[in-house]
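Summary of structural features
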Number of protein chains: 2
Amino acid sequence: MGTRTEAGRRPERKLTRKGQETRRRIVAAAAQLMYERGVTEATLEDVRAAAGVSSSQVYHYFSDKQELLLAVIEYQTQSVLDMQEPLFAELDTMEGLRRWRDALVEYQLRLQCRGGCPIGSLGSEVAETNPEARLAAASGFVRWEAAIRSGLQAMHDRGELDGDPEELALATLAALQGGLLLTQLQREVRPLEVALDAMLAHIAAHTTRG
Amino acid sequence: MGTRTEAGRRPERKLTRKGQETRRRIVAAAAQLMYERGVTEATLEDVRAAAGVSSSQVYHYFSDKQELLLAVIEYQTQSVLDMQEPLFAELDTMEGLRRWRDALVEYQLRLQCRGGCPIGSLGSEVAETNPEARLAAASGFVRWEAAIRSGLQAMHDRGELDGDPEELALATLAALQGGLLLTQLQREVRPLEVALDAMLAHIAAHTTRG
């Protein structure tokens, strides 16, 4: 699994603090453009202009668009996980799972149901044309799934869940992804709500207390 | 709902039989290229060459790429629904739901888990840049969801299901879509299996017999 989860992540060169900030500004600009226009339509020249840097700066940090794309997938994975981080620790109770569900729904409402999942959107776009980027997106999902599984595993270890934490976590992530896609296409939060509620009811049915 | 489900579908001009065949050949070629390369990368010239027709023929049937894209979304929706059609009639029993689940899983195995959902992939690619195409993809999902709901509604009407058929159908479609995306990214059928099994178990828990 080690090589797989690290797919496409090159060791970063040692950068000065200012260098790290510039690199991050380029990645954030690229992430925004790829989100708005798609990977194909976001050119390095667009990224350069949006980040307010020179061409030589872009090429100082990224040898080509592929390297930048992999950095964007990593950046989006980290953003998605960071945002949920405070809630992950509580996924070992039904109340915690419901708070996580509510936070995901509220976040989509704030976005007016636009954008879908940044990892899912990138993954879907590159899946059949760019194996390295596909693996990077898959590895982002492996990390997300692990965070969900960790809570369910704790419930299981306390004897409060009699289902398989691994399967339940994977099914929950799938319901979440499908819910986000349908929510994005319909611009209504209901698909996400209904999908997550069904999975939480399924998990609740496997709990050994109320 | 009427206008919504018809989103982006223009009334077709009366075509001769040969005209219908040529139009269909162009749409099928476009669907294949958009599937392989993405919507943006598939140019009208590529489509023309792949379909083995002249430029003037392409423009005879489609005024621009947008019109062709909408025809491709309709074509992919119809293909996806046609393939499941024989199984839809049986979605009013748990056995029928399981056969449908098995058929979806086997189909992905035959594809070596490549391609994901044609409607979901197109929808994800156009969602933030092309509202008309987004609505066309959303309308494809509305039809798919209706086919699933119809079986669950029949179970409900016979007094064999005490859940809400509409919510269960939407949640099942979401689990299916998320399962397909993760299966496509990981090139493993397990996410699809686990996601559908969880939803079928959830539905089974709402049945009033066995």
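Naming follows an unreviewed UniProt entry, where chain A appears as TetR/AcrR family transcriptional regulator of Streptomyces spinosisporus.

1. Focus: the interface of chain A and chain B
Counting from both sides, the interface comprises 45 residues of chain A and, opposite them, 45 residues of chain B. Our count for the chain A to chain B interface comes out at four salt bridges. Ionic pairing is found between Glu128 of chain B and Arg187 of chain A, a salt bridge with its closest N-O pair at 3.0 Å. Where chain A meets chain B, there are 10 residue pairs in polar contact (both at pLDDT 80 or more). Sorting the residues of the side of chain A that touches chain B by element identifies helix 2 (17-37), helix 7 (118-126), helix 8 (131-157), helix 9 (165-186) and helix 10 (190-205) of chain A as the ones contributing at least two each. Broken down by element, the residue count for the side of chain A that touches chain B peaks at 15 residues, all from helix 9 of chain A. Taken together, the residues that form the side of chain A that touches chain B break down as 19 nonpolar, 13 polar and 13 charged.

2. Considerations on the domain arrangement of chain A
A common way to report how large an interface is uses the accessible area buried once the components associate. Residues and elements named next belong to chain A. By the assigned domains, chain A splits into domain 1 (12-63) and domain 2 (73-210). Using C-alpha coordinates to define each centre, domain 1 is positioned 28 Å away from domain 2. Every contact between the two is made by nine residues of domain 1 and, on the other side, seven residues of domain 2. Counting the surface lost from both domain 1 and domain 2, the interface buries some 640 Å², and carbon and sulfur atoms represent 66% of this.

3. Details of the UniProt feature "domain: HTH tetR-type" (unreviewed entry) in chain A
Per the UniProt annotation, the sites labelled "domain: HTH tetR-type" (unreviewed entry) are residues 20-80 of chain A. Taken end to end, residues 20-80 of chain A comprises 80% helix and 0% strand; its first and last C-alpha atoms sit 20 Å apart.

4. Observations concerning the UniProt feature "DNA-binding region" (unreviewed entry) in chain A
UniProt's feature table lists "DNA-binding region" (unreviewed entry) at residues 43-62 of chain A, given in the numbering used throughout. End-to-end, the C-alpha atoms of residues 43-62 of chain A are 13 Å apart, and along that stretch the chain is 75% helix and 0% strand.

5. Observations regarding the relation of the copies chain A and chain B
Superposing chain A onto chain B requires a rotation of 180° together with a translation of 0.0 Å along the rotation axis, leaving an RMSD of 0.0 Å. The two molecules are tied by a two-fold rotation axis, judged by turn and shift. In this assembly the copies share their binding face: 100% of the residues contributing to the interface of chain A also contribute to that of chain B.

6. Examining helix 3 (residues 44-51) of chain B
Residues and elements named next belong to chain B. For helix 3, every residue scored as buried is listed here: Leu44, Val47 and Ala51. The arc that holds every buried residue of helix 3, seen down its axis, measures 60°, which confines them to one face. Positive phi shows up at Gly52, right after helix 3, with a value of about 65°.

7. Topic: unusual backbone geometry
With phi around 55°, Arg187 of chain A is a residue other than glycine that occupies positive phi space. By the element assignment, Arg187 of chain A lies in the loop between helix 9 and helix 10.

8. Description of the packing of aromatic side chains
The relation between two aromatic rings is expressed through the spacing of the ring centres and the mutual angle of the planes. Residues and elements named next belong to chain A. Taken as a whole, this structure holds two aromatic pairs over all chains when the rule is applied. Where Phe141 meets Trp144, the ring centres are 6.1 Å apart and the plane angle is 10°; that geometry is what we call stacked. Here Phe141 pairs with Trp144, and both are found in helix 8, just three residues apart, close to one helical turn. Summarising the burial analysis for this pair, Phe141 and Trp144 share the class buried.

9. Comments concerning the pattern of salt bridges
Residues and elements named next belong to chain A. For the coordinates displayed, the defined rule picks out 22 salt bridges over all chains. Arg37 is the salt-bridge partner of Asp46, the closest N and O atoms lying 3.0 Å from each other. A residue is classified by how much of its surface remains accessible, and Asp46, at 24% relative accessible area, is partly exposed.

10. Observations regarding the side chain of Thr183 of chain A
Residue and element names in this part refer to chain A. Its location among the elements puts Thr183 in helix 9. Overall, the relative accessible area of 0% leaves Thr183 in the buried class. Among the polar contacts listed, one links the side chain of Thr183 to the backbone oxygen of Glu188, at a separation of 3.1 Å. Filtering out sequence-adjacent residues up to four positions away, Thr183 remains in contact with Gln108, Cys113, Glu188, Val189, Arg190, Pro191 and Leu192.

Rules of the game
Residues numbered from 1 in each chain as written. Chains lettered and ligands numbered in written order. Predicted model: local features only at pLDDT ≥ 70, side-chain atom pairs only at ≥ 80, totals over all residues. Heavy atoms only, no water. Contact = heavy atoms within 4.5 Å. Salt bridge = Lys/Arg side-chain N within 4 Å of Asp/Glu carboxyl O. Polar contact = N/O pair within 3.5 Å; in protein donor to acceptor, adjacent residues only side chain to side chain. Helix = DSSP H or I, 4+ residues; strand = E, 2+ residues; numbered from the N terminus. Nonpolar A, V, L, I, M, F, W, Y, C, P; charged D, E, K, R; others polar. Domains from an automatic or database assignment. Buried area = accessible area lost by both parts, 1.4 Å probe. UniProt positions renumbered as here; feature names shortened; annotations may be inferred. Least-squares fit on C-alpha atoms with pLDDT ≥ 70 in both. Buried < 20%, exposed > 50% of the residue type's maximum accessible area, 1.4 Å probe, protein only. Arc of directions from axis to C-beta. Phe/Tyr/Trp six-rings, centres within 6.5 Å; stacked < 30°, edge-to-face > 60°.

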